[in-house]
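# Notes for the structure review
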Amino acid sequence: VLDEICFEKRWTTVMLFRNDQGHFVKNDDLPLDGIVAIGRFTQEEIADFHRYTENIVFLDSSPDEEKYCSIVPNYHLAVRQVLDCFWRHGYRNAAYLGSVYTFGATKQLAMDPRFYYYKNSLLARDAYDPGLVIDCEMNSASSYAAMKAYLEGGKKIPDAIFAASDVVAPGLLRVLREYRLRVPEDIGIITFNNTSLSQLAEPPLSSVEVFLRENADAAAICL
């Protein structure tokens, strides 16, 4: 998406890639006017960017709010909307499925912001139950194993599940089919990202829209 926006602005784009020493380099000696860094980076990697330019914008991470422009999702609002939706539909036991700890803005392991706001929003409602936290890696195989272990352990079936990423949805749905649990009749699901993994699921799943085009537009404006 960002490439399309740069093309529309008649900006020339080049890719930085890691060399054998793990440093970011490019294939020519032409100067860079700016960098849009997409993802999460260590302090050493960020130092590589400064070798080329001081004009750096981060997309999907915020390593230093006082130093860099950053475009990140509003996780707090997103999770609050998810839980409000569950509450409106009468779902009082809402589970969390996803990573509790992920790599933060500078690739240091930290509490995932989706879990952080899930936990604290439920604590504010006096409704947090650690037994409803299903910790798994952000992939389908891990979500399948974690959800299967949860149900095999005889724990109560939650009214609803907040899946922290679309990528855990296929594994989750596979387990629910095996246990003959219907969506949404027996259990409600809302995912995060709204990619084809949720749109083309059976049944299609409600999902938090991240607005990739708008985020890329904002990054270009900052640059």
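Structure's up top.
Scope of this entry: the structure provided in the associated data block. Computed from a predicted structure; not experimentally measured.

## Details of the overall build of the protein chain
- Secondary structure summary: the protein chain contains eight helices and twelve strands in total.
- Seen through its principal axes, the protein chain has C-alpha atoms that stretch 60 × 35 × 30 Å.
- Expressed as a percentage of the 223 residues in the protein chain, the buried residues total 43%.
- Taking contacts inside the protein chain between residues at least 6 apart in sequence as the whole, the part at least 24 apart equals 58%.

## Section: the sheet that holds strand β3 (residues 35-38)
- With parallel pairing, the three strands of this open sheet are ordered in space as β3-β4-β5. Only two strands of the sheet have a single neighbouring strand rather than two, namely β3 and β5 (69-71). The average undirected angle you get between the axes of adjacent strands in this sheet is 20°.
- Direction of pairing for β3 relative to strand β4 (residues 56-59): parallel, over a ladder of four bridges. Counted as the bridge partner of Ile38 is Leu59 from β4.
- This element, helix α2 (residues 43-50), spans β3 and β4 of the sheet and lies at about 140° to β4.

## Observations regarding the nonpolar core
- Within the largest apolar cluster, 46 residues are counted, with the highest numbers of intra-cluster contacts made by Phe86, Tyr118, Met147 and Leu176.
- At the level of elements, α3 (75-88), β6 (94-98), α4 (113-124), β9 (133-135), α5 (140-152), β10 (160-163), α6 (169-178) and β11 (188-193) are the ones that each hand at least two residues to this core.
- A total of seven residues in this core trace back to one element, the largest contributor, which is α3.
- In contact with Phe86, other than residues within four places in its own chain, are Tyr91, Arg92, Ala94, Ala160, Ile161, Phe162 and Ile190.

## Examining the pattern of salt bridges
- Applying the stated criterion to the full structure yields 14 salt bridges.
- Through salt bridges with shared partners, a single ionic network connects Glu4, Glu8, Arg213 and Asp217.

## Observations regarding α6
- Regarding α6, the residues found buried are Ala169, Gly171, Leu172, Leu173, Val175 and Leu176.
- Arg180 occupies a position one or two residues after α6 and carries a positive phi of about 55°.

## As for unusual backbone geometry
- In this structure, Pro184 follows Val183 across a cis peptide bond, with omega equal to 5°.
- Locating Pro184 in the fold gives a position in the loop between α6 and β11.
- Positive phi, normally seen in glycine, also occurs at Asp126, with a value near 60°.
- On the secondary structure map, Asp126 appears in the loop between α4 and β9.
- Look at Arg180: it is not a glycine, yet its phi comes out positive at around 55°.
- Relative to the elements of secondary structure, Arg180 occurs in the loop between α6 and β11.

Calculation criteria
Residues numbered from 1 in each chain as written. Predicted model: local features only at pLDDT ≥ 70, side-chain atom pairs only at ≥ 80, totals over all residues. Heavy atoms only, no water. Helix = DSSP H or I, 4+ residues; strand = E, 2+ residues; numbered from the N terminus. Buried < 20%, exposed > 50% of the residue type's maximum accessible area, 1.4 Å probe, protein only. Contact = heavy atoms within 4.5 Å. Pairing = 2+ DSSP bridges. Axes fitted to C-alpha atoms, helices over the stretch in contact; angles between N-to-C directions. Core = buried A, V, L, I, M, F, W, Y, C linked by side-chain atoms within 4.5 Å. Salt bridge = Lys/Arg side-chain N within 4 Å of Asp/Glu carboxyl O.

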